[in-house]
Amino acid sequence: MRAIAVACALIAAFTLPAFAGDAARGQETFKACAACHGDRPGDLGPSLIGVVGRVAGTREDFRYSGPMARAGFVWDEAHLGAFIHNPRSVVAGTRMPFDGLADDRDVEDVVAYLASRK
Ligand code: HEC
């Protein structure tokens, strides 16, 4: 009986990904970000191509705020999700002029879209 319970818990853990975001939907939602993150030189925000796995605030072609340049963590799904939901809760003093996306599904979809852009 106990073995069955453990097996069920394991199956649940492996079949429910932490982020079940929809990248195609995320690409639509990302239009709110693309005004600043459009991968054009001179854009207000840094390019987000390949952001998953990169240390925060380290693109050579962008001048970050002090807090972002010193953040020191790697952008993984968890950090991105929290930042997109509420930027200042993750990097206090960031100068990203955006209040975040309130809807959890929108956040997960944008994270999935960002993870798909290598
Ligand atoms: C009005 C402009 C603007 C909008 C809209 C905006 N951002 Fe930003 N973003 C910035 C700026 C400016 C920075 C640099 C912040 C700093 O240096 O503190 C930034 C930084 C970031 C970073 C850190 C990148 C790195 O290289 O470490 C991520 C991730 C990010 N934004 C994601 C998003 C996402 C996702 C959205 C849409 C949901 C979004 N941003 C909307 C301007 C914007």
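Residues numbered from 1 in each chain as written. Predicted model: local features only at pLDDT ≥ 70, side-chain atom pairs only at ≥ 80, totals over all residues. Heavy atoms only, no water.

**Observations concerning the site of the ligand**
In the vicinity of the ligand there are 26 residues, among which Cys-33, Cys-36, His-37, Ser-65 and Met-96 approach most closely. Within the side chain of Thr-94, an N or O atom sits 2.8 Å from an oxygen atom of the ligand. Arg-95 is positioned with one of its backbone polar atoms (N or O) 3.0 Å from an oxygen atom of the ligand. Contributing elements (two or more residues each) for the shell around the ligand: α3 (31–34) and α5 (77–85). Split by residue class, the shell around the ligand holds 19 nonpolar, five polar and two charged. (Near = heavy atom within 4 Å. Polar contact = N/O pair within 3.5 Å; in protein donor to acceptor, adjacent residues only side chain to side chain. Helix = DSSP H or I, 4+ residues; strand = E, 2+ residues; numbered from the N terminus. Nonpolar A, V, L, I, M, F, W, Y, C, P; charged D, E, K, R; others polar.)

**Quick word on the packing of aromatic side chains**
Enumeration according to the criterion identifies four aromatic pairs in this entry. For the ring pair Phe-73 and Trp-75, a centre distance of 4.9 Å and an interplane angle of 90° mean the geometry is edge-to-face. Within the aromatic cluster, the residues linked to one another by ring pairs are Phe-73, Trp-75 and Phe-83. (Phe/Tyr/Trp six-rings, centres within 6.5 Å; stacked < 30°, edge-to-face > 60°.)

**A closer look at the nonpolar core**
Residues Phe-30, Met-68, Trp-75, Ile-84 and Leu-114 are the most contacted members of the largest nonpolar core, which totals 20 residues. Where this core is concerned, the elements lending two or more residues are α5 and α7 (104–116). For this core, the element with the highest residue contribution is α7, accounting for five residues. Excluding residues that lie within four positions of it along the chain, Met-68 makes contacts with Ala-56, Gly-57, Trp-75, Phe-83, Val-91 and Thr-94. (Core = buried A, V, L, I, M, F, W, Y, C linked by side-chain atoms within 4.5 Å. Buried < 20%, exposed > 50% of the residue type's maximum accessible area, 1.4 Å probe, protein only. Contact = heavy atoms within 4.5 Å.)

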